[in-house]
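Notes for the structure review
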Amino acid sequence: MKKSTHFAKAGEVERKWVLIDADGATLGRLATTAAMILRGKNKPQYTPNSDTGDFVVVINAAKVKLSGSKAASKTYWRHTGFLGGIKFESFEEAMAKHPERVIEHAIKGMLPKGTLGRMQATKLKVYAGSEHPHTAQNPQKIELEA
């Protein structure tokens with residue numbers, strides 16, 4: 001009997017909700033765990049070219065930390081599209097203004113580039129505080145390794 005490889009179809013994927021508490025977590029370790037869950041690499045029916053991942057809710061984004069002295073030296077940049085329009089922002093400034101974007105930026109950088117990665121990134125929900133509007137979905141809390 002010939003065995004064939006199973007490829008997950010879009011309609012047959014069961015999605016769960018996962019809650020990650022970022023309080024005291026290291027940014028990179030949090031981002032790798034969240035990106036793995038968003039892609040579905042923690043499931044046996046993982047298929048690289050389809051979206052098999054779960055929804056991820058990250059709370060306490062304002063309490064995430066970096067290891068070493070990276071907090072003082074890490075910078076984020078963007079370009080407005082105009083001449084001389086490059087804007088820089090340090091990690092501390094970004095955390096003071098919008099801590100959700102720091103985590104979103106780290107996680108989106110670990111997802112595939114293109115339509116599949118953008119589709120997977122829509123399943124990411126990040127909140128600065130401990131309150132979130134997804135209690136009705138009953139997210140399963142997971143612990144990060146220290």
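The paragraphs below set out a description of the structure included in this document. (Residues numbered from 1 in each chain as written. Predicted model: local features only at pLDDT ≥ 70, side-chain atom pairs only at ≥ 80, totals over all residues. Heavy atoms only, no water.)

What about the pattern of salt bridges?
Across all of its chains, the model carries six salt bridges by this definition. A salt bridge links lysine 123 to aspartate 51; its shortest N-O distance comes to 2.5 Å. With lysine 123 in the loop between α5 (115-121) and β5 (124-126) and aspartate 51 in the loop between α1 (27-39) and β2 (55-59), the pair connects residues that are 72 residues apart, well separated along the chain. Summarising the burial analysis for this pair, lysine 123 and aspartate 51 share the class buried. Between glutamate 89 and lysine 97 there is a salt bridge, with its nearest N and O atoms 3.3 Å apart. Classification of glutamate 89 as buried rests on a relative accessible area of 16%. With a relative accessible area of 60%, lysine 97 lands in the exposed category. Taken together, the salt bridges that share partners define one network made up of Arg15, Asp51 and Lys123. (Salt bridge = Lys/Arg side-chain N within 4 Å of Asp/Glu carboxyl O. Helix = DSSP H or I, 4+ residues; strand = E, 2+ residues; numbered from the N terminus. Buried < 20%, exposed > 50% of the residue type's maximum accessible area, 1.4 Å probe, protein only.)

Observations regarding the packing of aromatic side chains
Counting across every chain of the model gives one aromatic pair. Here tryptophan 17 and phenylalanine 55 contribute two aromatic rings whose centre-to-centre distance is 4.3 Å and whose plane-to-plane angle is 5°, an arrangement assigned as stacked. Here the residue tryptophan 17 occupies a position in strand β1 (residues 17-21), and phenylalanine 55 occupies one in strand β2, the gap between them amounting to 38 residues. (Phe/Tyr/Trp six-rings, centres within 6.5 Å; stacked < 30°, edge-to-face > 60°.)

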